[in-house]
Amino acid sequence: MDSLHAFNAFMRAAEARSFTVAGRQLGVSSSAIGKAIARLEERVGVRLMHRSTRAITLTAEGARFLERCRRIFSEIEAAELELAQTQGTPRGKLRVSLPLAGMLMMPTLTAFMQAHPAIALDLDFTDRLVDVVEEGFDVVVRAGAVSDSRLMMRVLGSFRLGLVASPRYLAQRSTPRTPADLAGHACLHHRYATSGKLEPWPLRRGPGEPDIPVAAVANTIEPLIAMAEAGLGIACLPDFAIRRQLADGRLCAVLAEHTEHEGTFRLLWPSSRYMSPKLRVFVDFMARHLFAQ
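All chains use their own residue numbering, which begins from 1 and follows the written sequence. Predicted model: local features are reported for residues with pLDDT of at least 70 only, side-chain atom pairs are reported and counted for 80 or more only, and whole-chain, interface and lining totals are derived from all residues. Side-chain numbers here rest on the full set of heavy atoms in the structure, without hydrogens or water.

### Some points on the overall build of the protein chain
Point 1. In DSSP terms, a helix is any run of H or I states spanning at least four residues, a strand is any run of E spanning at least two, and both are numbered starting from the N terminus. A count of helical and extended segments in the protein chain gives nine helices and twelve strands.
Point 2. Taken over C-alpha atoms, the radius of gyration comes to 25 Å for the protein chain, far larger than the 19 Å a tight globule of 293 residues would show.
Point 3. The C-alpha extent of the protein chain, read off along each of the three principal axes, is 80 × 45 × 25 Å.
Point 4. Expressed as a percentage of contacts within the protein chain between residues at least 6 apart in sequence, the contacts between residues at least 24 apart total 74%. The atom set for the radius of gyration is the C-alpha atoms, and the globule formula is 2.2 Å times the number of residues raised to the power 0.38. The contact criterion used throughout is that any non-hydrogen atoms of two residues lie within 4.5 Å.

And the structure:
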């Protein structure tokens, strides 16, 4: 068992290139990780890592040993999952990171909790780009491109940004026909919580057109929906957040022929040969229900 602990410490440190990160993942100090690896090197009689004040790198022997460790722990994980699956109901805590706009996904998340009461969701809403592996998340929901080779991915669905306003507002202020017409309107903007910058409106605009005015700003989507419904101005919102309002006429599309945007929501989770039952049912449920019409 001591050997398994040492193998695990080595594998975590090798993958993270950091004793500190490995210690955080295993709940021990970085010095404990270093000592465990030093004892392992002494026992096998081979240097596995080069250490410096800046980083750690693997020796050729260390790289081969890392692959062996991965196979060992993959088999252990497979055995544990087989046993867990014989118990039937997926259970346990599932740490999930979602963007701030993910608050609008709560109906789907609530339905998941009702369908799987033995799974305790630990939800973290943030627009910060979290490190899924280092920060210990089981799965994250994100929009945008994926470039981390440590992660697996499944597409949830696509969405579009579009300009909307209430019929009352448009009756009072008239409907803009071109992007230049927005200069005479109350425009409600979303500010990115992480950068503080206003989210650009995806309009096809000609050179020299006036800037889009700012009547109000919010760093989450829900207040913009409420302000638009109340007739306070024109907002740029994702279609998945306002489908009901568009369907029942509380909001109307504006300048649709001048708007060009498409984004994709994805689920991302740490790469592994096997998925835990709780993660598998979460991924399948969200993929089936989040963008269901």
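### A closer look at the nonpolar core
Point 1. Within this scheme, the nonpolar core is defined by two criteria: the residues are buried Ala, Val, Leu, Ile, Met, Phe, Trp, Tyr or Cys, and they are joined through side-chain atoms within 4.5 Å. When accessible area is computed with a 1.4 Å probe and restricted to protein chains, residues below 20% of their type maximum are described as buried, those above 50% as exposed, and intermediate ones as partly exposed. The biggest cluster of nonpolar side chains holds 38 residues, and the ones touching the most others in it are L121, L156, L237, F265, L267 and F282.
Point 2. Once residues lying within four places of it in the same chain are set aside, the contact partners of F282 are L94, V96, L109, F112, L121, V139 and L267.
Point 3. One finds A9, A22, A36 and I56 within the second-largest nonpolar core, a separate group that totals 21 residues.

### Digging into the pattern of salt bridges
Point 1. For this analysis, a salt bridge means a side-chain nitrogen from Lys or Arg found within 4 Å of a carboxyl oxygen belonging to Asp or Glu. This structure, assessed with the given rule, holds eleven salt bridges.
Point 2. The salt bridge partner of E41 is R51, with a shortest N-O separation of 2.9 Å. With E41 in helix α3 (residues 30–44) and R51 in strand β1 (residues 49–51), this pair connects stretches of sequence that are ten residues apart.
Point 3. Note that E262 is salt-bridged to R160, the shortest N-O span being 3.1 Å. In this pair, E262 is assigned in the loop between β11 (252–254) and β12 (263–270) and R160 in the loop between β6 (151–159) and β7 (161–165), connecting sequence segments 102 residues apart.
Point 4. Beyond isolated ion pairs, a larger network of salt bridges with shared partners links E15, E67 and R70.

### Focus on the packing of aromatic side chains
Point 1. Ring pairs are drawn from Phe, Tyr and Trp, using the six-membered ring of Trp, whenever the two centres fall within 6.5 Å, and their geometry is named by plane angle: stacked under 30 degrees, edge-to-face over 60, tilted for the rest. Counted by the stated rule, this structure contains seven aromatic pairs.
Point 2. Between F240 and F265 the ring centres are 5.4 Å apart and the planes differ by 85°, which places this aromatic pair in the edge-to-face class. With F240 in the loop between β10 (234–238) and α8 (243–248) and F265 in strand β12, this residue pair connects regions lying 25 residues apart in the sequence. With respect to class, F240 is no different from F265; both count as buried.
Point 3. In this scheme, Lys NZ or Arg CZ marks a charge over a ring once it lies within 6 Å of the ring centre and within 35 degrees of the ring normal. Just above the ring of F137 sits the side chain of R95; from NZ or CZ to the centre is 4.2 Å.

### What about the sheet that holds strand β9 (residues 216–218)?
Point 1. Ordered by their spatial adjacency, five strands build an open sheet running β9-β8-β10-β7-β11, and the pairing between neighbours is mixed. Taken across any chain shown, the strands that pair with only one partner, and hence form the sheet edges, are β9 and β11. Here the strands of the sheet are splayed against their neighbours by 40° on average, with no regard to which way each runs.
Point 2. In this analysis, strands are considered paired if DSSP registers two or more bridges between them. Strand direction decides the pairing type here: β7 and β11, joined by three bridges, are antiparallel. The residue bridging A165 from the neighbouring strand is C252, located in β11. Between N-to-C directions, angles span 0 to 180 degrees; the directions come from axes that are lines fitted to C-alpha atoms, helices contributing only their stretch in contact.

### With respect to a nonpolar patch on the surface
Point 1. A cluster of nonpolar side chains, namely V146, M153 and V155, defines an oily patch on the protein surface of about 230 Å² accessible area.
Point 2. Within the fold, M153 resides in strand β6. To count toward a patch, a residue needs a relative accessible area above 30% and no salt bridge. Like charges then connect within 9 Å, nonpolar side chains (Val, Leu, Ile, Met, Phe, Trp, Tyr) within 5 Å. Reported accessibility uses the Shrake-Rupley method at a 1.4 Å probe radius. Residues are deemed covered only where the shown protein chains occlude them.

### Notes on α3
Point 1. The first and last C-alpha atoms of α3 sit 21 Å apart over 15 residues, in line with the 21 Å expected at 1.5 Å per residue.
Point 2. Three or more residues of α3 are buried, namely I33, G34, A36, I37, L40 and E41. Seen end-on, α3 carries its buried residues on one side only, within an arc spanning 165°. More than 90 degrees from the buried face of α3, the exposed residues found are K35, R39 and E42.
Point 3. Of the residues flanking the end of α3, it is G45, one or two places downstream, whose phi is positive at about 75°. Residue count minus one, scaled by 1.5 Å, sets the expected span of a helix. The directions from the helix axis to the C-beta atoms form the arc being described.

### Things to note about the environment of A253
Point 1. You can see A253 is positioned in strand β11.
Point 2. Judged by relative accessible area, A253 falls into the exposed class, the value being 56%.
Point 3. In this structure, the C-alpha to C-alpha distance between A253 and D122, residues 131 residues apart in sequence, is 36 Å.
Point 4. Here A253 is in contact with L163, V164 and L246, once residues within four sequence places are set aside.

### Quick notes on the pairing of strand β3 (residues 92–98)
On a regular strand, one side chain projects to one face of the sheet and the next to the other, so that they alternate.
Point 1. Pairing of β3 with strand β4 (residues 119–125), which is carried by seven bridges, proceeds in the parallel orientation. Bridge pairing in β4 places S97 opposite D124.
Point 2. Think of it like this: strands point away, you trace from the first strand over the helix to the second, and a clockwise trace means the crossover is right-handed. Regarding topology, helix α5 (residues 106–115) serves as the crossover connection from β3 to the parallel β4, and that connection is right-handed.
Point 3. The pairing of β3 with strand β5 (residues 139–143) spans two bridges and is classified as parallel. Note on β5: the bridge partner recorded for V96 is V139.

### Focus on α5
Residues separated by three or four positions in an α-helix point in the same direction, a consequence of the helix having 3.6 residues per turn.
Point 1. Buried residues of α5: T108, L109 and F112, and no others. Projection of α5 onto a plane perpendicular to its axis shows the buried side chains occupying an angular sector of 100°, all on one side. Seen from the open side of α5, the exposed residues pointing more than 90 degrees away from its buried face are P107 and Q114.

Without other data, these values stay purely geometric and don't point to any function.
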